[in-house]
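Examination of the molecular architecture
Now for the letters of each chain:
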Amino acid sequence: MKILVSDDIAQEGIDILNQEYQVDVKTKLSEDELVEIIGSYDALVVRSATKVTAKIMENSNLKVIGRAGVGVDNIDLEAATKKGILVVNAPEGNTTAASEHTIALLMALARNIPEAVRSLKNKVWDRKRFMGIELNGKTLGVVGLGRIGREVAKKAIGLGMNILAYDPYIIKQQVENIDIKVVDLDSVLKEADFITFHVPLTKSTYHMVGEKEFSMMKDGVMLINCARGGIIDEEALYEALKSGKVAGCALDVFEKEPPLESPLLDLPNLIATPHLGASTQEAQVSVAVDVAKDVIRALKGEMVKNP
Ligand code: NAD
Ligand code: MLT
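Residues numbered from 1 in each chain as written. Chains lettered and ligands numbered in written order. Predicted model: local features only at pLDDT ≥ 70, side-chain atom pairs only at ≥ 80, totals over all residues. Heavy atoms only, no water.

**Structural notes on the layout of surface pockets**
Looking at the second largest pocket, its volume works out to about 630 Å³. If you trace the second largest pocket, you find 26 residues lining it, with K51, F254, K256, E257 and H275 closest to the centre. (1 Å grid on protein atoms, 1.4 Å probe; cavity = no way out; pocket = protein on both sides within 12 Å on 5 of 7 lines; lining within 4 Å. Points joined across faces, edges and corners; volume = space filled by probe spheres on them.)

Laid out in structure tokens, this is it:
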């Protein structure tokens, strides 16, 4: 059996794969390059850079595709199902990292940290321009109450925030020990001072926030998207930030990554990080190890943990 690892994943995961099978690590391949070589592999392991398209799977002999992370929106699941290729992910290993990054962005927004740092490094001592607001007593809207959403809610409660959350699929027992109010999406949009998104990118979440949703929000609301680009309509967001309707927004993810041509990057009230939510040493080891173990289970015909 041969395994291709086509994105950078932690060495600990590669070592586990190597103990059982032959592993090739070849990153930054184009779709055509992947199509050309995929025929000789039984498993493919990716992070988020590789887009695993129907064309790549078509003439492959892949038995399993492993995603070292949560989101599987970079894998054509329909095509994989048609080809009988099992897809496994690592849904738990980066929950702490992504929730901590969300809180970091929340604080950075409230206290204008990136712009204040930039200003002082340009030798400007301006205390008035960077007056912030406190999180304590404010309402945080959490859209998507899965692993990361719940962790963010718990951390924000620790900061004295009130939590309004929306997730139509949540089971009551999953949130009964957390002091949050589960409401409909409109109530979150209308009542929250800050709103953070933790839903997967699907047909139903694509552009779930656009012009209409911005108009329902409080003037001066602040937003964080550490989940996926495409959940917030970026053109509508640009207008909302420009007009001041949205006072600030922190994005870790973009519809097109890297978003180097995006006009959003020119706005002073937009904070941007390059998809760093899961980028901690601990999370990367954890997701690489978890996915490697599941890929091996799949190749051996054993029951996998995260199908
Ligand atoms: P999860 O599956 O545990 O939670 C997702 C939640 O979203 C679920 O509770 C689900 O019911 C809810 N949901 C689905 N559709 C919804 C809708 N239309 N409206 C409201 N809620 C909806 O996943 P998670 O581990 O919490 O991760 C969430 C997402 O964050 C992932 O899908 C991934 O795309 C993203 N992510 C990003 C980073 C990063 O580096 N920035 C890191 C990890 C995860
Ligand atoms: C994920 O879905 O797990 C994140 O996007 C993190 C990543 O891919 O590194």
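**Quick look at the site of ligand 2**
Within the structure, ligand 2 sits among R47, S48, R67, G69, V70, G71, N94, R228, H275 and A278. Side-chain polar atom of R67 to an oxygen atom of ligand 2: 3.0 Å apart, as the coordinates give it. Within the contact set of ligand 2, an oxygen atom lies 2.9 Å away from a side-chain nitrogen or oxygen of N94. A breakdown of the residues in the shell around ligand 2 according to their chemical character gives 2 nonpolar, 5 polar and 3 charged. (Near = heavy atom within 4 Å. Polar contact = N/O pair within 3.5 Å; in protein donor to acceptor, adjacent residues only side chain to side chain. Nonpolar A, V, L, I, M, F, W, Y, C, P; charged D, E, K, R; others polar.)

**Re unusual backbone geometry**
The peptide bond linking E257 to P258 adopts the cis configuration, its omega dihedral lying at 0°. Inspection of the secondary structure puts P258 in the loop between strand 11 (246-251) and strand 12 (270-272). Although it is not a glycine, H207 sits at a positive phi angle of roughly 55°. Mapping H207 onto the fold places it in the loop between strand 9 (194-197) and helix 10 (211-216). (Helix = DSSP H or I, 4+ residues; strand = E, 2+ residues; numbered from the N terminus.)

**A short note on empty space enclosed by the protein**
According to the stated counting rule, one finds 1 cavity of 30 Å³ or more in the structure shown. Taken as a whole, the largest cavity holds about 30 Å³ of empty space. Along its surface, the largest cavity is lined by N225, R228, G229, G230, I232, E234, L251 and V253. Of the residues assigned to the lining of the largest cavity, the class counts are 3 nonpolar, 3 polar and 2 charged.

**Digging into the state of the cysteines**
Summed over the entire model, instances satisfying the criterion amount to 0 disulfides. Sulfur of C226: no disulfide; nearest cysteine sulfur belongs to C249 and is 11 Å away. Taking the relative accessible area as the measure of exposure, C249 reaches 0% and is therefore buried. (Disulfide = S-S within 2.5 Å. Buried < 20%, exposed > 50% of the residue type's maximum accessible area, 1.4 Å probe, protein only.)

**Details of the sheet that holds strand 2 (residues 22-25)**
Overall, parallel pairing links the 5 strands, which are arranged 2-1-3-4-5 in an open sheet. For this open sheet the edge positions go to strand 2 and strand 5 (86-89), each flanked by a neighbour on one side alone. Geometrically, the sheet is characterised by an average inter-axis angle of 20° between neighbouring strands, direction not taken into account. Bridging between strand 1 (residues 2-5) and strand 2 involves 4 bridges; their strand directions are parallel. From the neighbouring strand, K2 faces strand 2, where its bridge partner is Q22. Sheet contacts for helix 1 (residues 11-20): strand 1, strand 2 and strand 3 (43-46); angle to strand 2, the most-contacted strand, approximately 145°. Where helix 12 (residues 281-299) meets the sheet, it contacts strand 1, strand 3, strand 4 (64-67) and strand 5, and its direction lies at approximately 170° from that of strand 4. (Pairing = 2+ DSSP bridges. Axes fitted to C-alpha atoms, helices over the stretch in contact; angles between N-to-C directions. Contact = heavy atoms within 4.5 Å.)

**Re the side chain of E213**
When you line up the elements, E213 lands in helix 10. On the basis of relative accessibility, which here comes to 14%, the residue E213 falls in the buried class. Apart from residues no more than four positions distant in its own chain, E213 is found in contact with L189 and M208.

**Considering the packing of aromatic side chains**
With the rule as written, the count across this model stands at 0 aromatic pairs. Seen from the ring of Y41, K2 lies directly overhead, with NZ or CZ sitting 4.8 Å from the centre. (Phe/Tyr/Trp six-rings, centres within 6.5 Å; stacked < 30°, edge-to-face > 60°. Lys NZ or Arg CZ within 6 Å of the ring centre and 35° of its normal.)

**Concerning the packing of helix 1 against helix 12**
Between helix 1 and helix 12, the shortest axis-to-axis distance is 7 Å and the interhelical angle comes to 20°. It follows from the interaxial angle that helix 1 and helix 12 lie roughly parallel. When the axes of helix 1 and helix 12 are compared, the crossing they make is right-handed. Contacts between helix 1 and helix 12 involve E12, G13, I16, L17 and E20 from the former and V285, A288, V289, A292, K293, V295 and I296 from the latter. By residue class, the composition of the contact of helix 1 with helix 12 is 8 nonpolar, 1 polar and 3 charged. (Parallel < 35°, antiparallel > 145°, perpendicular 65-115°, else oblique. Left-handed = near helix turned anticlockwise from the far one by under 90°.)

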